[in-house]
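Below are the chains, spelled out letter by letter.
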Amino acid sequence: MAGIGEYMINHHKECDEVFARAEEAAGAGDWPRAQTEFEAFAHQMDRHFEIEENLLFPALEEKSGHSGGPTQVMRMEHEQMRTVMHEMRSAMETKDAEQYLGLSETFLVLTQQHNFKEEGILYNMMDQVLADEAPALLAQAESIA
Amino acid sequence: MNQSGLKLEQAPPIAVPFQFFLVAPVFLLLVAAVLFASGADALTFRMSSATIAITHLYALGFMAMVMIGAMMQMLPVLQGSPVPQPRATALLTFVGVGLGTLALAGGFLLSQQWLLRAGTVALGAAFLVFIAAVLVCLARAPSRNHSVRAMGLAVASLLVTVVFGVMLAALYGWGVAPLNGSAHSLHPGWGLLGWSGLLVVGVGFELVPMLQLTPLYPKSVARYLGSAVLALLAAWSALLWIDDGRWGALAVACAVAIALAYVLFGVTTIVLQQRRRRRMADVTLDFWRVGMGSLIAASVAWGVRVMWNGPWPESMDLLIGMLMMFGFAGSVIAGMLYKIMPFLAWFHLQSMCALGKLAPNMKKILPDARQRLQFRSHVLALLLLCAAALWPRLFVYPAALALGAAAVLLEMNMITVVRAYRSNFRNMHAQPASTRQPVGIP
């Protein structure tokens, strides 16, 4: 079975994929398709945040004996991403392509630098610290739809 | 396990990278001015004083300034380890490189040895401070990825470049012949193929897939390309050193292999970008394409040049230099600035926003149309500079004017970002602090 890092990195890629589809549709002015793709994208993002914030971060904090620090910064960046996504949804509803594309550009850079830190540092920590719990945690993650 | 470097919010204040970025186009404008004033003389012999002055104004004032600023920002983010004393390190490096570059170029242009000497000392000291800071940062890093390793290789190459540069400066400034005749080849070789090339390679491995959502670079390329180039550079240098600067068959073979490695990087990058998931028009993507096209052209031409036995026109060397320094490095640098600067402005503003409130997005901070206009001026300048390398009398003035225009437009775009940051910053500080988010910087 894949480790936590591998599982989460693969999910980052899935999120990238639906993000790009939504952006492409919005850029083309195909709003019905953009709406559908955006909902798929928002769903994957919510699922990712939930796995991290409610499952993996608490497990890591408990095991390594301190909250705050890296997980705190990650949670804060999740909040920022949620705020940008909220505005993206508004732009979608008003069919404002320029606003949507400016927001999606911002979202992409914010998310990629965030993912880079998770993939370079945090997931490595999880793979080391949570090696024993990994199968149970990943089974729980799979059950989050 | 090393936990000391695991604070992820350790990037420097926004002023640290921005001071380097904002001064770079000023040096670019100086390059254009000196080119205009020198006319065709600057483009007839690459070892002339005017050409050396222009090359260093560009390589140090423009290229190195941006590269140092970007590294000061990115090292802590990419590897979770802070640059020690970021403000002091940045200030010493900034002032030393800035004034040192002016003195060095002035020394060449005005034939003033004391200026050359002052410039050499300032530059040497500034680079040593920067290199030491980066090495400390690398030693503490909890994260080891391809980019971090490539940055280490780039900085090691910078050190070699500085050492050979000081050797050559001893010749011009103090009349002391270099220890070895190879210094004339090794100084630009390590500067362009080591420090600049490896930094772009290292950053590209991570940022090209991230920004365009392309497939990842093949594992073997990402893993070995940087080290292979460094090993080849070292072998090439040793061979030239042993032969006191004369090119034997093995040195030629090493140089050709280095050229091929860069062709491989350029072609791989273009192919990956063709397969990008994100299909939106993007100025940074276009800058990268121009950059990779120039890199491939320069590498092929240089590979042919080192194998060539007959007489080789000086104009072709100048053309290779234009393609490598402005076409490749200049394009990638400008393209990256258009992502880094609006994002940093946004991120710092966002971290001061009230919860649930959003700072103006990146394209509000710097509109696409303005980036696109500057990109066009950049491409025009590149075409005219290449033409001027081949036909200096005909094209040197149009090239200098186009370069000046590209520099002014770049600076105006940067100022647009700073203005947007400042005006939003002021607005936010008009609201009570209790509603703001905790501050965390990427």
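Residues numbered from 1 in each chain as written. Chains lettered and ligands numbered in written order. Predicted model: local features only at pLDDT ≥ 70, side-chain atom pairs only at ≥ 80, totals over all residues. Heavy atoms only, no water.

Please clarify how the interface of chain A and chain B should be interpreted in this entry.
Where the parts come together, the accessible area they lose is often given as the size of the interface. Every contact between the two is made by 36 residues of chain A and, on the other side, 37 residues of chain B. Counting the surface lost from both chain A and chain B, the interface buries some 3500 Å², and carbon and sulfur atoms represent 70% of this. Summed over the shared surface of chain A and chain B, the result is 5 salt bridges. For the interface between chain A and chain B, the tally reads 7 residue pairs in polar contact (both at pLDDT 80 or more). Of all the elements in the fold, those that place two or more residues in the side of chain A that touches chain B are helix 1 (4–27), helix 3 (70–93) and helix 4 (97–129) of chain A. Of the residues in the side of chain A that touches chain B, the class split is 15 nonpolar, 12 polar and 9 charged. (Contact = heavy atoms within 4.5 Å. Buried area = accessible area lost by both parts, 1.4 Å probe. Salt bridge = Lys/Arg side-chain N within 4 Å of Asp/Glu carboxyl O. Polar contact = N/O pair within 3.5 Å; in protein donor to acceptor, adjacent residues only side chain to side chain. Helix = DSSP H or I, 4+ residues; strand = E, 2+ residues; numbered from the N terminus. Nonpolar A, V, L, I, M, F, W, Y, C, P; charged D, E, K, R; others polar.)

Whenever I open this one, the packing of aromatic side chains confuses me. Can you help?
Residue and element names in this part refer to chain A. Applying the stated criterion across every chain yields a total of 26 aromatic pairs over all chains. Between Phe-19 and Phe-107 the ring centres are 5.7 Å apart and the planes differ by 20°, which places this aromatic pair in the stacked class. Here Phe-107 lies in helix 4 and Phe-19 lies in helix 1, a separation of 88 residues in the sequence. Owing to a relative accessible area of 2%, Phe-19 belongs among the buried residues under this scheme. Grouped by ring-pair contacts, the aromatic residues Phe-19, Phe-38, Phe-41, Tyr-100 and Phe-107 constitute a single cluster. (Phe/Tyr/Trp six-rings, centres within 6.5 Å; stacked < 30°, edge-to-face > 60°. Buried < 20%, exposed > 50% of the residue type's maximum accessible area, 1.4 Å probe, protein only.)

Got a minute to help me understand the environment of Tyr-397 of chain B in this structure?
Residue and element names in this part refer to chain B. Examined against the element boundaries, Tyr-397 turns out to sit in helix 13 (residues 392–428). The spacing of Tyr-397 and Leu-384 is 13 residues in sequence and 9.2 Å in space, taken between C-alpha atoms. Contacts of Tyr-397, omitting those with residues within four sequence positions, involve Phe-36 and Gly-39.

What exactly am I supposed to notice about the nonpolar core here?
Buried together is how nonpolar side chains tend to be arranged in soluble globular proteins. If you look at the biggest cluster of nonpolar residues, it comprises 188 residues, and the most contacted ones within it are Met-88 of chain A together with Phe-21, Phe-127 and Phe-265 of chain B. Residue contributions to this core peak at 24 residues, all from helix 10 (residues 314–350) of chain B. Residue contacts for Phe-21 of chain B: discarding those within four places in its chain leaves Val-66, Gly-69, Ala-70, Leu-337, Ile-340, Met-341 and Met-414 of chain B. Ranked by size, the runner-up nonpolar core spans 21 residues in total, among them Met-8, Leu-60, Met-74 and Met-125 of chain A. (Core = buried A, V, L, I, M, F, W, Y, C linked by side-chain atoms within 4.5 Å.)

So what exactly am I meant to see when it comes to the confidence of the model for chain B here?
Residues and elements named next belong to chain B. Chain-level pLDDT for chain B is 91 on average; 94% of the residues reach the 70-or-more range. Contacts of residues 1–8 to residues separated by more than four positions or lying in other chains number 21 contacts, the stretch itself having pLDDT below 50. Note that residues 438–442 has pLDDT below 50 and, in this model, 23 contacts with residues that lie over four places away or in other chains. Model confidence for the complex: the whole-complex pTM is 0.93, and ipTM, which rates the interface, is 0.90. (pLDDT = per-residue confidence, 0-100.)

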